[in-house]
Amino acid sequence: MILQSLLVMLGLGLACSAVLAVASKLLAVEEDPRVEAVLEALPGANCGGCGFAGCESYAAAAVNDPNVPADRCCAGGADTAAKVAALTGKAAGSAEPMVAFRRCAKTEGNVKKLYDYQGVPSCAAAKQLGSPDACAYSCIGLGDCMRACPFDAMYMAHGMVHVNRDKCTACGNCVRTCPNGIMEIVPQAARVMVLCSSQDKGKAVTDVCDAGCISCMKCVKECPAKCVKLEGGVIRIDHAACIAYGPECQEVCAEKCPRSILRRLGATAQAAPQEKQEEAA
Amino acid sequence: MDYFLMLISAIFVNNILLAQYLGNCPFLGCSKEKGVAFGMGAAVIFVAVMATAFTWIMQKWVLEPYGLGYLQTLVFILVIAALVQFVEMFLKKMVPPLYKALGIFLPLITTNCAVLGIAILVQRKEFGLGMSLYYSFVASLGFTLALMLMAGIRERLIIARLPKSLQGTSIGLVMAGLMSLTFFAFKGMIG
């Protein structure tokens, strides 16, 4: 009985393996080994920062489509861009390190709450009822962006989100998730930034926030490089032009800002805005 | 009439997942979103019907004539695993869209006890080939129904306020138990 069962199982096993071996040859699918190699080089976070559905999609596109650049992966940074460029035979662009920035200073501005929100703990849900803060453009602070971040680079403090600059890879998930659109991707070397996303002007802003931007346009007029503009109701800074112009202007925009909401960033001048809020809050 | 009774029996009264407790791994693993749950259910239907066909043939043409009935479990597992591997290769080559939709679930079903369970159940009930195929189809439909129900519940649980210790699989297991209790209401409906 033992011999019989052994022989039957052996025979069956051999038969199945033979069928599968033959099938693997006949039904083999041609796969470009380069796609596999590029996939190996990518960090595999599937964050979507490259604009593709995942690392596999970007690997396939980078290999097969000549128009797709090799430096789209922001999570991997310059090393990954170089590796992908080498594998796909494309030129790696200059990947300027970027970081996510929260354009809101509601804690500093003592923005009051319109109502006590009790519901699904999500910014998108709170927004459906109308922002719970007096300022409709503020950081709602329920953490949708924090949960969307694949790199654990955001944390909540004092009712607002804070970005850990070391961990942030500028994948853009938080920008896409925020229902108020207060997150912006800026270069790490950005010199100045406006900490406000309010599209209101003048009294409408001062009524609700002590710190907000009133759209007085002083910065727009003062900038010698003409890189500060009012677009869509908020101040937008062309950081590439700003950095290219150099420190000659001594950040006159920040000097002249009557609300001190357009501030210098980085080690060059005062404490970083996030830290300033920590002191103020 | 017999077919209709079997349909009701397999989907509600003796649900392969909630009453017979077969195939719990994908029940908790693939039930977080309705889309994924449906894909998994469809893959199980596909594999279960094919597996039942092949194993029925193995039983009737190889195992019984040669008195090898005691090897049923081993042979069935071997045949099902080889079959699923073959199907995966076949789909990848011949029907890429179907492979993209179901492909990732196929390795998960290779040794799913629901598939093996259905294959062995039809032998116990001594069905003919046609009846076996029909039974495997409706039993897997019951599996898909249970999976879809669980996915619908879990989608809502994501935004509910749950204690940290209950979030995720824990509440999923509690829900599974409650669902199983609910389906007990059907017991005794059909003999």
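Not measured: the values here are computed from a predicted model.

A. Structural detail: the pairing of strand S1 (residues 98-102) of chain A. Residues and elements named next belong to chain A. In terms of burial, S1 is largely enclosed, as 5 of its 5 residues are buried. Judged by which residues are buried, S1 turns out to be covered on both faces: Met98, Ala100 and Arg102 on one side and Val99 and Phe101 on the other are all buried. Sheet topology places S1 next to strand S4 (residues 183-187); 5 bridges connect them, and they run antiparallel. Each bridged residue has a counterpart across the sheet, and for Phe101 the counterpart in S4 is Glu184.

B. Representation of the interface of chain B and chain A in the model. Opposite the 13 residues of chain B that make contact, chain A presents 14 residues. Residue composition of the side of chain B that touches chain A, grouped by class: 10 nonpolar, 1 polar and 2 charged.

C. Looking closely at the environment of A:Asp166. Structurally, A:Asp166 is set in the loop between strand S3 (160-163) and helix H7 (173-177). Given 7 C-beta atoms within 10 Å, A:Asp166 falls into the exposed group.

D. Looking closely at the confidence of the model for chain B. Residue and element names in this part refer to chain B. Residues at a pLDDT of 70 or more form 99% of chain B, whose mean pLDDT is 89. Taking the mean pLDDT of every element in chain B, the minimum, 79, falls on helix H5 (residues 96-102) and the maximum, 94, on helix H8 (residues 129-157). For this predicted complex, the interface score ipTM comes out at 0.78, alongside a pTM of 0.66.

E. Structural detail: the pairing of strand S2 (residues 154-157) of chain A. For S2(A) and S3(A), the ladder comprises 4 bridges, and the chain directions are antiparallel. Residue pairing for S3(A): A:Ala157 is matched across the bridge by A:Met160.

F. Just the packing of H8(B) against helix H9 (residues 169-183) of chain B, in detail. Residues and elements named next belong to chain B. Orientation of H8 relative to H9, taken along the N-to-C sense of each, is 135°, at an axis distance of 11 Å. Taken together, the axes of H8 and H9 are oblique relative to one another. Of the two possible hands of crossing, H8 and H9 adopt the one that is right-handed. Side by side, H8 and H9 meet where Leu149, Met150, Ile153, Arg154 and Leu157 of the first sit next to Ile171, Gly172, Met175, Ala176 and Met179 of the second. Considered class by class, the residues forming the contact of H8 with H9 number 8 nonpolar, 1 polar and 1 charged.

Scoring rules and cut-offs
- Residues numbered from 1 in each chain as written.
- Chains lettered and ligands numbered in written order.
- Predicted model: local features only at pLDDT ≥ 70, side-chain atom pairs only at ≥ 80, totals over all residues.
- Buried ≥ 20, exposed ≤ 12 C-beta atoms within 10 Å, placed from the backbone.
- Helix = DSSP H or I, 4+ residues; strand = E, 2+ residues; numbered from the N terminus.
- Pairing = 2+ DSSP bridges.
- Contact = placed C-beta atoms within 7 Å.
- Nonpolar A, V, L, I, M, F, W, Y, C, P; charged D, E, K, R; others polar.
- pLDDT = per-residue confidence, 0-100.
- Axes fitted to C-alpha atoms, helices over the stretch in contact; angles between N-to-C directions.
- Parallel < 35°, antiparallel > 145°, perpendicular 65-115°, else oblique.
- Left-handed = near helix turned anticlockwise from the far one by under 90°.

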